[in-house]
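In case you want the letters, here they are:
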Amino acid sequence: MKSKVVRNVLIAAAIGLGILMLACLVIVWAVFHFIVNPLSERQEAKSQAYEAFQSSLHTASVAYVEEKYGFTPEIIDSVQDRNYQIFGSIPLNMGLVYMQCDGKDFCVYYDLDADCGYDDYQYEEICAALEDLFRANGTGYEKMIVDYLGDVRNVEYDPIEDDCEHLFHLCYDGSNLGEVLAYSGFAIAGCYTAGEDFSQKTNWQVPQELLQSEDKRCTLSFLSFRSAIPEVLYSASYKLGYFLMMPETATYVHSYCSLSNTEETVQRRFDLIPCGEIRLMAKEGDAAFTAAVAENTEIQWVTDAAKGEAVGSTYRVESESQETIYVYVDGETAAHYSEKGDLWLYVCKEGQKTAECVRSYQRTVGEDTVFYFSLNSREPVLIRLVCEQN
């Protein structure tokens, strides 16, 4: 009896195992048929589509160079541009082709949909022509800053983004610099170290096409520095617009002029106004504000002497309009006061008797320590340096 029971159990187990193995085989077949095969087919389709795209891109790019420059380049490599999405990216019908001819490396960005190409083959030549333009407009010329120069914009695909910054569509023939730049739109600056006053200069020698372009924004800026051009401007892809809005401007720039085809000419001079042991400047330059040492003020700058100490003089600052004022403390003075604690600038409205002061922003620029505060129209404020205990 027992042997019969055991036999039945073994038979049932064998049947169950067989069913399980059959189910596994069905699952494997389903995975392969419904997932692996379609994935493989999609991957193969993607590969074929990319090969077709690459062939079209190479053919169009080479034809573009042959028509524009009259020679046939050697293709080194190519990358398809992509558009970033929330999840991943999608390929675009355009890309960057790396080329070479007679030992010179360059690249072509080609848009197959628009049937239009851009390249940097003449970038150095165009920059050299711009250098000559800047030298013709001032003495002591030292460097050109390229903030933006080229036709191609908004390439966000990391592998090629940096290589697409200085590409041009029009061919430069040595006499059409203005036309080439006006077609592309650009933002560049010439730098000088002779301390020339560009806030008043009017006789700029600039190709008229730059200022007559109606399609794209063109900006040409001339900066005059107090002394040597600061190292910060030698960094790659430095954004000039940000620099002219930062406290570094008054430290280094004497004056500048910005010519544009879409806006009025902007000319400013950055004067650092000395006042006691500090210097002040309006963020936008050319501002009408006054600063002087304030006498007999009864302000309690620090409510708890154990937490800090007011140092130096109190200064009264007044403006005819709303301004952002930068306050510069030279390195030697800042180092001397910092022995007593962390140096900050406190600000309060005129007429206040208690310490309702706001600690301002602090930044180091060169050897200077710089603070800034907002100044409302016709609302004088009093400012003073305070050393806070560490």
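Thresholds, definitions, all that
- Residues numbered from 1 in each chain as written.
- Predicted model: local features only at pLDDT ≥ 70, side-chain atom pairs only at ≥ 80, totals over all residues.
- Heavy atoms only, no water.
- Pairing = 2+ DSSP bridges.
- Helix = DSSP H or I, 4+ residues; strand = E, 2+ residues; numbered from the N terminus.
- Axes fitted to C-alpha atoms, helices over the stretch in contact; angles between N-to-C directions.
- Parallel < 35°, antiparallel > 145°, perpendicular 65-115°, else oblique.
- Left-handed = near helix turned anticlockwise from the far one by under 90°.
- Contact = heavy atoms within 4.5 Å.
- Nonpolar A, V, L, I, M, F, W, Y, C, P; charged D, E, K, R; others polar.
- Salt bridge = Lys/Arg side-chain N within 4 Å of Asp/Glu carboxyl O.
- Buried < 20%, exposed > 50% of the residue type's maximum accessible area, 1.4 Å probe, protein only.

Novice: Residue-level account of the sheet that holds strand β1 (residues 74–84), with values.
Specialist: Across the sheet, which stays open at both edges, the four strands sit in the order β1-β2-β3-β4 with antiparallel pairing between neighbours. Single-partner strands in this sheet number two, and they are β1 and β4 (116–119). The sheet shows a mean angle of 25° between the axes of neighbouring strands, direction not considered. The pairing of strand β3 (residues 104–111) with β4 spans four bridges and is classified as antiparallel.

Novice: Summarise the packing of helix α2 (residues 123–135) against helix α4 (residues 177–184); cite the residues concerned and give the values.
Specialist: When two helices pack together, their arrangement is given by the angle between the helix axes and by the axis-to-axis distance. Viewed as axis vectors pointing N to C, α2 and α4 meet at an angle of 110°, and their least axial separation amounts to 11 Å. Judged on the interaxial angle alone, α4 and α2 are roughly perpendicular. Of the two elements, α2 crosses α4, and the hand of that crossing is left-handed. Contacts between α2 and α4 involve I126, A129, L130 and L133 from the former and L177, V180 and L181 from the latter. Here the contact of α2 with α4 is built from residues that sort into seven nonpolar, no polar and no charged.

Novice: Outline the pattern of salt bridges, supporting the account with residue identities and numerical values.
Specialist: The tally for this structure, following the rule as stated, stands at nine salt bridges. Across the pair R269 and D271 runs a salt bridge whose closest N-O atoms are separated by 3.0 Å. You can call D271 partly exposed: its relative accessible area is 40%. E309 is paired through a salt bridge with K340; the nearest N and O atoms lie 3.6 Å apart. Remark: K340 occurs in the loop between α8 (331–338) and β15 (342–349) and E309 occurs in strand β13 (residues 308–319); sequence separation between them is 31 residues. A relative accessible area of 36% places E309 in the partly exposed class. Among the residues examined, K340 registers a relative accessible area of 36% and is labelled partly exposed. By sharing partners, the salt bridges in this structure join E131, D132 and R135 into a single network.

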